[in-house]
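Analysis of the macromolecular model
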Amino acid sequence: MSALFQPYQLKSVTLRNRIAVPPMCQYSAVDGVAGDWHLTHYAALGRGGAGLVIVEATAVSAEGRITPGDLGIWNDAQGAALAQVAAAIKAGGAAPGIQLAHAGRKAGSNRPWEGDDQMAADDPRTWQAKAPSALAHGANWPRTPLEMSVADIAQVQRDFAAAAVRARDAGFEWMELHFAHGYLAQTFLSPYANQRGDDYGGGYANRSRFMIETLAAVRAVWPEHLPLTVRLGVTEFNGHDEAELLEAIALATRFRQDGLDFLDASIGFTVVGASVPWQQTGFMLPLAERIGRASGLPMAASWGLGEPELAQRAIERGQIALVMVARAHLANPHWSFHAARKLGVAEPAAALPPPYRYWLERYTAGD
């Protein structure tokens, strides 16, 4: 059997293959509530053949949204709407996952297709962003955030825990904490964004404290039999890659000791003007492999893994346990079927629902 299409078990969850759809923000919620767009979108991805579908960054509080269109899970109405989304994903045969997030200093932004920048301070739709330090991200995010107090930090950690309980009750089976991409957790870890002088700033031990405590808060309420995972920004690609990677390895090792089950290696996106090697396919694979071997955690990676042969090799070589395929699933929600055919898998439509599988298996040529 193709390595990419072997089942994968983590805790009590068994994925039908090694293909996962990572979070991709739709910016289409109203007051944080999932609507028809989300239900249709995620139902299609759920029945598309991937083993895991992770719902987009879902804010743990109103101030934690990136844009006014972000999903939220800070109240029961949002939880009820997301329960329908989780059920739709599961009905399609994929495991339903969710990513919990707080935007930090990137909060109060316009949707990407409406500017991809921070709203003006006097825009009635916006709100005050908070962060580890009163340092603006820069570029399209020029507003200076408020430096969080220790009480603010504790409140956000309670928000993550409460959101995890709602996600559990909504039927999600895979929890991912968003500790990447220049959002709140990543900026606590980053020396470029965190210049605090207290127990949450300074050296690595203090800068990692927010992530470690937040993971512990979620671990305390998330069911032990379900996977608890993190998406971590492991490097910025700004010339300090090795130092950043060593910190990521140390953090991943600590996470594993504290009950983390799985890690998705991604990019920091804390520094403006970093030299991310976008032209290089699979550029995160060596980093993910190194972190996994050093920490003992099973790993995933994304960014440029939409070619089936590359995804297959990454699994065959043991570089990662799951392949995160994002934009290729927007272009073709049945990417898994496409990949199976390209890789010569017997019965490539096997993971699709019977109404699709019947027709795709019955006819082998033409439309």
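Residues numbered from 1 in each chain as written. Predicted model: local features only at pLDDT ≥ 70, side-chain atom pairs only at ≥ 80, totals over all residues. Heavy atoms only, no water.

**Examining the overall build of the protein chain**
The condition is simple: Segments assigned H or I by DSSP are reported as helices when at least four residues long, segments assigned E as strands when at least two residues long, and all are numbered from the N terminus. Burial classes follow relative accessibility: with a 1.4 Å probe on protein chains only, a residue under 20% of its type's maximum area counts as buried, one over 50% as exposed, and anything between as partly exposed. In what follows, a contact means two residues having at least one pair of non-hydrogen atoms within 4.5 Å. A 1.4 Å probe and the Shrake-Rupley method give the accessible areas. Residues count as covered only by the protein chains that appear here. Asp and Glu are treated as the negative residues and Lys and Arg as the positive ones, with His and the ends of the chain left uncounted. Here the site of a charge means NZ on Lys, CZ on Arg, CG on Asp, or CD on Glu.
A count of helical and extended segments in the protein chain gives twelve helices and 13 strands. Overall, the protein chain is about 65 × 40 × 40 Å in size when its C-alpha atoms are taken along their principal axes. By the burial criterion, 56% of the 367 residues in the protein chain qualify as buried. Across the protein chain, the fraction of contacts at a sequence separation of at least 24, relative to all contacts at a separation of at least 6, is 70%. In the form shown here, the protein chain has an accessible surface area of approximately 14500 Å², with 53% of it arising from carbon and sulfur atoms. With 31 positive and 36 negative side-chain charges, the protein chain shows a spacing of 4 Å between the two charge centroids.

**A few points about the nonpolar core**
Generally speaking, nonpolar side chains in soluble globular proteins are found buried as a group. To keep things clear, this is the line we draw: Throughout, nonpolar core names a set of buried Ala, Val, Leu, Ile, Met, Phe, Trp, Tyr and Cys residues whose side chains join them through atoms within 4.5 Å.
Ranked by size, the top nonpolar core spans 99 residues in total, and within it Leu100, Met175, Leu232, Phe255, Leu263 and Ile320 carry the most contacts. Apart from the residues within four sequence positions on either side, Leu100 is in contact with Thr58, Val60, Ile73, Phe160, Ala163, Ala164, Met175, Glu176, Leu177 and His178.

**Here's the deal with unusual backbone geometry**
As a rule of thumb, non-glycine residues mostly have phi less than zero, and peptide bonds are mostly trans rather than cis. One non-glycine residue with positive phi stands out, namely Asp31, at about 55 degrees. Secondary-structure assignment places Asp31 in the loop between β3 (19–21) and α1 (36–46). In this model, His181 sits at a positive phi of 65 degrees, which is unusual for a non-glycine residue. If you trace the backbone, His181 turns up in the loop between β9 (174–179) and α4 (184–189).

**Topic: the side chain of Gln26**
Basically, it comes down to this: Pairing of N or O atoms within 3.5 Å defines a polar contact, subject to two protein rules: one partner must be a possible hydrogen donor and the other a possible acceptor, and residues neighboring in sequence count only if both atoms are side-chain atoms.
Here Gln26 lies in the loop between β3 and α1. One polar contact links the side chain of Gln26 to the main-chain carbonyl oxygen of Met24, over a distance of 3.1 Å. If we skip the residues at most four places from it in the chain, Gln26 touches Trp37, His38, His41, Glu56 and Trp113.

**Comments concerning the packing of aromatic side chains**
For clarity, the threshold we go by: Two rings belonging to Phe, Tyr or Trp (six-membered ring only in the last case) form a pair when the distance between their centres is within 6.5 Å. Interplanar angles under 30 degrees mark stacking, angles over 60 mark edge-to-face geometry, and anything in between is tilted. In this scheme, the term charge over a ring applies when either NZ of a lysine or CZ of an arginine sits within 6 Å of the ring centre and within 35 degrees of the ring normal.
As enumerated under the stated definition, the model contains twelve aromatic pairs in all. On the numbers, 6.1 Å between centres and 50 degrees between planes, the contact of Phe179 with Phe255 is tilted. Separated by 76 residues along the polypeptide, Phe179 in strand β9 and Phe255 in helix α7 (residues 241–257) bring together distant segments of the chain. Phe255 shares its class with Phe179; the two are buried. Ring geometry for Phe237 against Phe283: centres 5.7 Å apart, planes inclined by 75 degrees, an arrangement best described as edge-to-face. Taken together, the residues span a long stretch of sequence, with Phe237 in the loop between β10 (228–235) and α7 and Phe283 in the loop between β11 (262–267) and α8 (285–295) at a distance of 46 residues. Each member of the pair, Phe237 as well as Phe283, carries the same accessibility label: buried. Counting every residue linked through ring pairs, the aromatic cluster contains Phe237, Phe269, Trp278, Phe283 and Trp303. The aromatic ring of Trp141 is capped on one face by Lys106, whose charged end is 5.3 Å from the ring centroid.

**Description of the environment of Pro112**
Mapped onto the secondary structure, Pro112 falls in the loop between β6 (95–101) and β7 (130–131). For Pro112, a relative accessible area of 35% gives the class partly exposed.

**Some points on the side chain of Glu176**
For clarity, the threshold we go by: Salt bridges are counted wherever a side-chain nitrogen of Lys or Arg sits within 4 Å of a carboxyl oxygen of Asp or Glu.
The residue Glu176 is located in strand β9 in this model. We note that Glu176 is buried and unpaired, the nearest opposite charge coming from Arg231 at a distance of 4.9 Å. Reaching out from Glu176, the side chain makes a polar contact with the side chain of Gln99 at a distance of 2.8 Å.

**A word on helix α3 (residues 150–169)**
The line we're drawing: One fewer than the residue count of a helix, multiplied by 1.5 Å, yields its expected span.
Given a rise of 1.5 Å per residue, 20 residues ought to cover 28 Å, and the 29 Å separating the end C-alpha atoms of α3 matches this to within 8%. Within α3 the residues assigned to the buried category are Ile153, Val156, Gln157, Asp159, Phe160, Ala161, Ala163, Ala164 and Ala167. Residues of α3 that are buried make contact with β6, β9, α4 and α6 (209–219). Looking one or two residues past α3, Gly171 carries a phi angle of roughly 100 degrees, positive in sign.

**Examining the pairing of β11**
Rules: When DSSP finds at least two bridges between two strands, those strands are taken to pair. Handedness rule for crossovers: strands pointing away from the viewer, path from the first strand over the helix to the second running clockwise, crossover right-handed.
With respect to burial, β11 is a largely interior element, six of its six residues being buried. The pairing of β10 with β11 spans six bridges and is parallel. Its bridge partner lying in β11, Thr235 is registered against Ile267. With α7 bridging β10 and the parallel β11, this β-α-β connection has right-handed handedness. Two elements, β11 and strand β12 (residues 299–301), share three bridges in a ladder whose sense is parallel. Paired with Asp264 across the two strands is Ala300, which belongs to β12.

**Remarks on the pairing of β9**
Within β9, six of the six residues are buried, which leaves the element mostly enclosed by the surrounding structure. Two elements, β6 and β9, share four bridges in a ladder whose sense is parallel. Bridge pairing in β9 places Gln99 opposite Glu176. Both β9 and β10 contribute to a ladder of five bridges, which runs parallel.

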